[in-house]
Amino acid sequence: MNPLAPYRRVTIKIGSALLVDKAGGLRADWLASLAEDIAALKAEGRDVVIVSSGAIALGRGLLGLSALALTLEQSQAAASAGQIALSQAWSEALGRHGIVTGQILITPNITEERRYYLNARTTILTLLGLGAVPIINENDSVATAEIRYGDNDRLSARVATMIEADCLVLLSDIDGLYTAPPARDPAATHIPVVEAITPAIEAMAGGAASHLSRGGMTTKIEAGKIATLAGTAM
Ligand code: GLU
């Protein structure tokens with residue numbers, strides 16, 4: 001059975017490591033196959049909202065920033081250049097299925113201050129009503145340390161609850177939670193279903209494993225708490 005079958009409104013977050021290869025290029029074939037799945041979900045009457053990472057990873061390549069660790073100014077410049085390429089890639093990939101995309105860049109105050117929250121929610125719901133797919137990312141080129149999520153795991157959970165999505169899907173280069181970070185512990189085993197986020201579950205998570213990504217399992221567990229407390233399955 002399709003595990004997404006019961007859900008009507010799905011928020012899908014895509015990690016940088018899936019969309020961008022190690023050389024900084026777009027993984028266009030992967031995106032094309034995901035776009036097919038999104039088109040199929042929509043054809044069955046579901047609303048789909050995408051939270052896409054990858055701006056900084058794409059922008060690094062475009063601007064020739066090869067250092068492993070970027071300074072804050074460099075990542076903000078990379079996000080600025082990369083976001084254009086990212087939006088274009090989404091618009092082309094979904095456009096092939098006749099789906100229009102809308103870009104929304106947000107910062108935490110937008111999900112937390114009521115006036116902004118209501119306004120962003122209305123824009124996203126209007127796009128959905130018009131049959132479009134909103135493509136959301138953090139506004140990385142202007143967000144400062146005090147006003148940024150930094151990772152799209154928690155951001156996607158806030159977006160999912162904001163628009164009353166009944167399901168949040170986090171697509172990552174790892175297939176789920178392990179009893180320990182599998183890169184460090186070869187004995188780690190995969191946990192197919194987490195019924196409740198307990199301190200024992202939280203202790204299993206580690207940080208980001210790739211220099212292209214910001215989150216890791218810790219922020220995915222945080223996202224799970226935000227989503228499930230608000231009644232959104234993850
Ligand atoms: N917003 C960042 C980007 O688009 C990604 C943050 C994350 O990896 O979660 O590059």
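Residues numbered from 1 in each chain as written. Predicted model: local features only at pLDDT ≥ 70, side-chain atom pairs only at ≥ 80, totals over all residues. Heavy atoms only, no water.

Formed by 28 residues in total, the largest nonpolar core has its most connected members in Ile 12, Ile 14, Leu 19, Ile 38, Ile 50, Trp 90 and Leu 94. Where this core is concerned, the elements lending two or more residues are strand E1 (9-14), helix H1 (16-19), helix H2 (28-43), strand E2 (47-52), helix H3 (55-63), helix H4 (72-95), strand E4 (133-138) and strand E5 (167-171). Among the elements that make up this core, the one with the highest residue count is H2 (six residues). Not counting chain neighbours up to four residues away, the residues in contact with Ile 14 comprise Leu 19, Trp 30, Leu 34, Ile 50, Val 51, Ser 52, Ser 53, Trp 90 and Leu 171. (Core = buried A, V, L, I, M, F, W, Y, C linked by side-chain atoms within 4.5 Å. Buried < 20%, exposed > 50% of the residue type's maximum accessible area, 1.4 Å probe, protein only. Helix = DSSP H or I, 4+ residues; strand = E, 2+ residues; numbered from the N terminus. Contact = heavy atoms within 4.5 Å.)

A few words on the packing of aromatic side chains. In this structure the tally under the stated criterion is zero aromatic pairs. Seen from the ring of Tyr 116, Arg 115 lies directly overhead, with NZ or CZ sitting 5.5 Å from the centre. (Phe/Tyr/Trp six-rings, centres within 6.5 Å; stacked < 30°, edge-to-face > 60°. Lys NZ or Arg CZ within 6 Å of the ring centre and 35° of its normal.)

Taken together, 11 residues lie around the ligand, and Ala 55, Ile 56, Asn 137, Asp 140 and Asn 152 are the ones closest in. Take Ile 56: an N or O atom from its main chain is 2.8 Å from an oxygen atom of the ligand. In the model, an oxygen atom of the ligand is placed 2.8 Å from a nitrogen or oxygen of the Asn 137 side chain. Here the ligand has 300 Å² of accessible area as a free molecule, and 97% of this is covered by the chains. In terms of residue class, the shell around the ligand is made up of two nonpolar, six polar and three charged. (Near = heavy atom within 4 Å. Polar contact = N/O pair within 3.5 Å; in protein donor to acceptor, adjacent residues only side chain to side chain. Areas by Shrake-Rupley, 256 points an atom, 1.4 Å probe, with all protein chains shown as cover. Nonpolar A, V, L, I, M, F, W, Y, C, P; charged D, E, K, R; others polar.)

Next up on the list: the pairing of E4. Here E4 lies mainly inside the structure; six of its six residues are buried. Residues Val 133, Ile 135 and Asn 137 line one face of E4 and the alternating positions Pro 134, Ile 136 and Glu 138 line the opposite face, and both faces are buried. Examined bridge by bridge, E2 and E4 share two bridges and lie parallel to one another. Residue pairing for E4: Val 51 is matched across the bridge by Ile 136. One ladder, built from six bridges, connects strand E3 (residues 101-106) with E4; its direction is parallel. Directly across from Ile 104, in E4, lies its bridge partner Ile 136. (Pairing = 2+ DSSP bridges.)

What follows is about the side chain of Arg 46. Structurally, Arg 46 can be placed in the loop between H2 and E2. Under the relative-accessibility criterion, Arg 46 is labelled buried at 5%. Within the structure, Arg 46 has its side chain in polar contact with the backbone oxygen of Leu 4 (distance 3.4 Å). In terms of polar contacts, Arg 46 uses its side chain to reach the side chain of Glu 44, at 2.5 Å. The contacts of Arg 46, once residues within four sequence positions are left out, are Leu 4, Ala 5, Tyr 7, Arg 8, Val 10 and Leu 41.

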